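Now for the letters of each chain:
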Amino acid sequence: MPRRRSVRVVLNIIAIVVFLFSVFPVYWMVNMSLTPSNQIVSRTPSWIPLEATFRNYIAAWSKPAAAGQTDFPHALLSSLTVTIPVVIVTLLIAFLASIALSRFHFKGRWGFIVTVLIVQMIPGEAMMFTIYAMMDDAHLKNLLGLSIVNVAAVVPFTIWTLRGFVAGVPADLEEAAMIDGCTRTQAFWKITFPLLAPGLVSTGIFAFIQSWNEFTMAMLFLEGYNLTLPPWLNSFQSATEATNWGAVMASSTLIALPVAIFFLLVQGRMASGMVSGAVKG
């Protein structure tokens, strides 16, 4: 027992150290966003912003990235316009595909599964110029075209992940509900679907983050007043010779907030969905 306690203490210490190393860049970003610009480049950095100011946030929110380009509120709206449809369409396609792959045995099923796995291994940069040419020919170098590309990039991983969640829910639960008087549709929505909530939330978070942080394709497709947040931040940082690092850190913090808020809103479903569809004893 003493040896087991010692091992547990060592593992806890390692976990704390890893956590501190992981969270420190986020803390430093927020710290710099609240630090006055004349103190950011100081040789003696302040670990706590004693003279905290919100001027950096005001500058990040109100100033355009560059002449003829959008500002933060419009870039935020563009990112939401792309990300929300991507999450909805991706979950719908992946959900139906995962149900078909896990519950039905049809010809070519394994070939489709292997194809999905292979597609995930292909880096997006390898097809970047081909995708750009296709979207240019279709006149889709806009937010709609970026949404389509993001859905195509996220769907394979989402299908593969959701398939594991669906396969982990025994079909016997639906059969037991049907014996109790439920139709097949009622058994699925009342028993199986709540148990899939953790998988839907996990893959939804992945789709949201991937679409929200998309940079390369957004740089290729968008310009001017249609920029999403990542290319807007790049333009904002390089707009002047003397970079306003306080405003850049404030912009980075504002960009990260929606992801954190989205996760906080849906993370409760990951636990509640695991028990909400349980069969009564």
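Quick caveat, the model's predicted, so the values are computed rather than measured. Here the residue numbering is sequential within each chain, running from 1 through the sequence in written order. In view of the model being predicted, local features appear only for residues whose pLDDT reaches at least 70, and side-chain atom pairs are presented and counted only at 80 or more, with totals across whole chains, interfaces and linings using the full set of residues. Side-chain calculation: all heavy atoms of the structure are included, whereas hydrogens and water are not.

## Observations regarding the overall build of the chain
- Note on conventions: DSSP H or I runs of at least 4 residues are helices, E runs of at least 2 residues are strands, and numbering of each starts at the N terminus. Broken down by element type, the chain carries 13 helices and zero strands.
- Reading the secondary structure of the chain in the N-to-C direction produces α-α-α-α-α-α-α-α-α-α-α-α-α.
- Computed over the C-alpha atoms, the radius of gyration of the chain is 24 Å, more than 25% above the 19 Å expected from 2.2 N^0.38 for a compact globule of 281 residues.
- The burial tally for the chain puts 37% of its 281 residues in the buried class.
- Contact criterion: two residues are considered in contact whenever any of their non-hydrogen atoms come within 4.5 Å of each other. The contacts in the chain between residues at least 6 apart in sequence include a share of 72% that link residues at least 24 apart.
- Only the protein chains shown count as covering a residue, and every accessible area follows the Shrake-Rupley method with a 1.4 Å probe. Within the structure as shown, the chain displays about 17,100 Å² of accessible surface, and the carbon and sulfur contribution to it stands at 69%. All radius of gyration figures rest on C-alpha atoms, and the globule criterion is 2.2 Å times the number of residues raised to 0.38. Buried, partly exposed and exposed residues are distinguished by accessible area as a fraction of the type maximum, computed with a 1.4 Å probe on protein chains only: under 20%, between the cut-offs, and over 50%, respectively.

## Quick notes on the packing of aromatic side chains
- Geometry of aromatic contacts follows a simple scheme: Phe, Tyr and Trp rings, the Trp one being its six-membered ring, pair when their centres are within 6.5 Å, and the pair is stacked under 30 degrees between planes, edge-to-face over 60, tilted otherwise. For the structure shown, the criterion picks out eleven aromatic pairs.
- With a centroid separation of 6.2 Å and an interplanar angle of 45°, the aromatic rings of Phe24 and Tyr27 are classed as tilted. Here Phe24 pairs with Tyr27, and both are found in helix H1 (residues 2-33), just three residues apart, close to one helical turn.
- When its relative accessible area of 34% is taken as the criterion, Tyr27 is described as partly exposed.

## A short note on the packing of helix H8 (residues 171-179) against helix H9 (residues 184-195)
- In this description, a line fitted to the C-alpha atoms serves as the axis of each element, helices being fitted only across the stretch in contact, and the angle between N-to-C directions of two axes falls anywhere from 0 to 180 degrees. Interhelical geometry of H8 versus H9 gives an angle of 135° and a closest axis separation of 9 Å. Relative to H9, H8 is oriented oblique. Handedness of the crossing formed by H8 with H9: right-handed. Seen from H8, the contacting residues are Leu173, Glu174, Ala177 and Met178; seen from H9, they are Arg184, Ala187, Phe188, Ile191, Thr192 and Leu195.
- Classifying every residue of the contact of H8 with H9 by side-chain character gives seven nonpolar, one polar and two charged. We call two directions roughly parallel when the angle between them is under 35 degrees, roughly antiparallel when it is over 145, roughly perpendicular when it lies between 65 and 115, and oblique otherwise. Handedness of a helix crossing follows the sense of rotation of the near helix relative to the far helix, less than a right angle counterclockwise being left-handed and clockwise being right-handed. Residues are sorted three ways: Asp, Glu, Lys and Arg are charged, Ala, Val, Leu, Ile, Met, Phe, Trp, Tyr, Cys and Pro are nonpolar, and all the rest, Gly among them, are polar.

## Let's talk about the side chain of Ser147
- Inspection of the secondary structure puts Ser147 in helix H7 (residues 143-167).
- The contacts of Ser147, once residues within four sequence positions are left out, are Thr81, Val82 and Val86.

## Considerations on unusual backbone geometry
- Despite not being glycine, His139 shows a phi value in the positive range, around 55°.
- Assignment of secondary structure puts His139 in the loop between helix H6 (128-137) and H7.

## Details of the confidence of the model for the chain
- Confidence of the predictor at the level of single residues is captured by pLDDT, which takes values from 0 to 100. The predicted model of the chain has a mean per-residue pLDDT of 81, with 91% of residues at 70 or higher.
- The element-level mean pLDDT for the chain is lowest in helix H2 (residues 37-40), coming to 77, with helix H4 (residues 72-103) highest at 89.
- Per-residue pLDDT stays below 50 along residues 272-281; that stretch engages in twelve contacts with residues further than four places along the chain or on separate chains.

## Focus: a nonpolar patch on the surface
- Exposure above 30% relative accessible area and the lack of any salt bridge qualify a residue for a patch; like charges then connect within 9 Å, and the nonpolar side chains Val, Leu, Ile, Met, Phe, Trp and Tyr within 5 Å. Only one rule defines a salt bridge in this text: a Lys or Arg side-chain nitrogen within 4 Å of an Asp or Glu carboxyl oxygen. On the surface, Ile16, Phe19, Leu20, Val23, Val26 and Val30 cluster together to form a nonpolar patch covering roughly 510 Å² of accessible area.
- Mapped onto the elements, Val30 comes out in helix H1.
- Here Val30 falls in the partly exposed class, since its relative accessible area comes to 30%.

## Thoughts on the packing of H7 against helix H10 (residues 197-212)
- One way to put it is that H7 packs onto H10 with a least axis distance of 10 Å and a crossing angle of 160°. By the angle class used here, H7 and H10 are roughly antiparallel. When you trace H7 past H10, the crossing you get is right-handed. Together, Asn150, Val154, Phe157, Thr158, Thr161, Leu162 and Phe165 of H7 and Pro198, Gly199, Leu200, Ser202, Thr203, Phe206, Ala207, Gln210 and Ser211 of H10 make up the contact between the two elements.
- The class makeup of the residues in the contact of H7 with H10 is eight nonpolar, eight polar and no charged.

## Some details on the side chain of Ser102
- Relative to the helices and strands, Ser102 is located in helix H4.
- Contacts described as polar in this section are N or O atom pairs within 3.5 Å, which, within protein, must combine one atom able to donate a hydrogen with one able to accept it, while residues neighboring in sequence count only if both atoms come from side chains. Looking at Ser102, its side chain comes within polar contact range of the main-chain oxygen of Arg163, at 3.3 Å.
- Ignoring sequence-local partners within four residues, the contact set of Ser102 consists of Arg163, Val166 and Ala167.

## Concerning H9
- Between the first and last residue of a helix there are one fewer steps than residues, each counted as 1.5 Å, and that sum is the expected span. Its twelve residues give H9 an end-to-end C-alpha distance of 16 Å, which sits within 8% of 16 Å, the value for a rise of 1.5 Å per residue.
- Ala187, Phe188, Ile191, Thr192, Pro194 and Leu195 are the residues of H9 that are buried.
- The secondary structure elements touched by the buried residues of H9 are H4, H8 and H10.

## Concerning the nonpolar core
- Side-chain atoms within 4.5 Å link the members of a nonpolar core, which is a set of buried Ala, Val, Leu, Ile, Met, Phe, Trp, Tyr and Cys residues. In this structure, Phe95, Leu146, Met217, Phe221, Leu222 and Trp232 are the most contacted members of the largest nonpolar core, which totals 52 residues.
- The leading source of residues in this core is H4, at eleven residues.
- Those residues within four positions of Phe95 in sequence are excluded, and the remaining contacts are Leu162, Phe188, Phe193, Leu196 and Leu200.

## Structural notes on the environment of Ala97
- Inspection of the secondary structure puts Ala97 in helix H4.
- The class for Ala97 is buried, based on a relative accessible area of 16%.

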